Amino acid sequence: MSLESLYQEIILDHYKRPKNKVLQDAYSVEVHHNNPSCGDEITLRVQVENQIIKQLSWDGVGCSISQASSSVMSELTQGISIEKALELEVSFLELMQGKGQIEADEEELEDAVAFSGVARYPARVKCALLSWMALKDALLRAGGSK
Ligand code: ZN
């Protein structure tokens, strides 16, 4: 199996069986973001305690890229510190803005490396970034309200 089709498989898998896609009652911050150019939407709830993401849940509609990316993001950031989550966000943003020229750090980004192919399609980059932009917004609010 080529790397490209392995990546497509990972994206499809998260799209069909999204992780954490049930809004939880317990949360510190809720944000809603959308990507009008594609029609993707996400509602993100983050529960933060002592600068740690205790729980992160989301709901959304949109294309397979946006939904799969939300699922991957929610899996990667569960239980980690705000600081670490924001580092991941920066790494993912760099990957997405690299026009396919940046080699992804699989150790750090895990399933999120599957989106490296998306970086070659500027119109789809926003789809992949939507959930991460929502995450950054939510974490800055959560951290700021402490
Ligand atoms: Zn989209």
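The rules we used
Residues numbered from 1 in each chain as written. Predicted model: local features only at pLDDT ≥ 70, side-chain atom pairs only at ≥ 80, totals over all residues. Heavy atoms only, no water. Core = buried A, V, L, I, M, F, W, Y, C linked by side-chain atoms within 4.5 Å. Buried < 20%, exposed > 50% of the residue type's maximum accessible area, 1.4 Å probe, protein only. Helix = DSSP H or I, 4+ residues; strand = E, 2+ residues; numbered from the N terminus. Contact = heavy atoms within 4.5 Å. Donors = N, O, S within 2.8 Å, 3.2 Å for Na, K, Ca; no water.

**Concerning the nonpolar core**
Then, number 1: In terms of nonpolar packing, the biggest core is built from 43 residues, with Leu44, Val46, Phe92, Met96, Phe115, Leu135 and Leu139 touching the most fellow members.
Then, number 2: By residue number, the principal contributor to this core is helix 5 (residues 122-144), which donates eleven residues.
Then, number 3: When sequence neighbours within four positions are dropped, the list of residues in contact with Met96 reads Phe115, Ser116, Val118, Ala119, Val125, Ala128 and Leu129.

**Here's the deal with the coordination of the zinc ion**
Then, number 1: Protein coordination of the zinc ion is provided by Cys38 (SG), Asp40 (OD), Asp40 (OD), Cys63 (SG) and Cys127 (SG), with donor distances spanning 2.2 to 2.7 Å.
Then, number 2: Mapping the donors of the zinc ion onto the primary sequence gives the spacing C-x1-D-x22-C-x63-C.
Then, number 3: According to the relative accessible area criterion, Cys38 is partly exposed, its value standing at 36%.

**Observations regarding unusual backbone geometry**
Most peptide bonds take the trans configuration, and most residues that are not glycine carry a negative phi.
Then, number 1: Located in the positive-phi region is Asn50, a residue other than glycine, with phi close to 50 degrees.
Then, number 2: With a phi angle near 45 degrees, Glu110 is a residue other than glycine that sits in the positive phi range.
Then, number 3: Residue Glu110 is classed as partly exposed on the basis of its relative accessible area of 47%.

These values are about where atoms sit, not about what they do.
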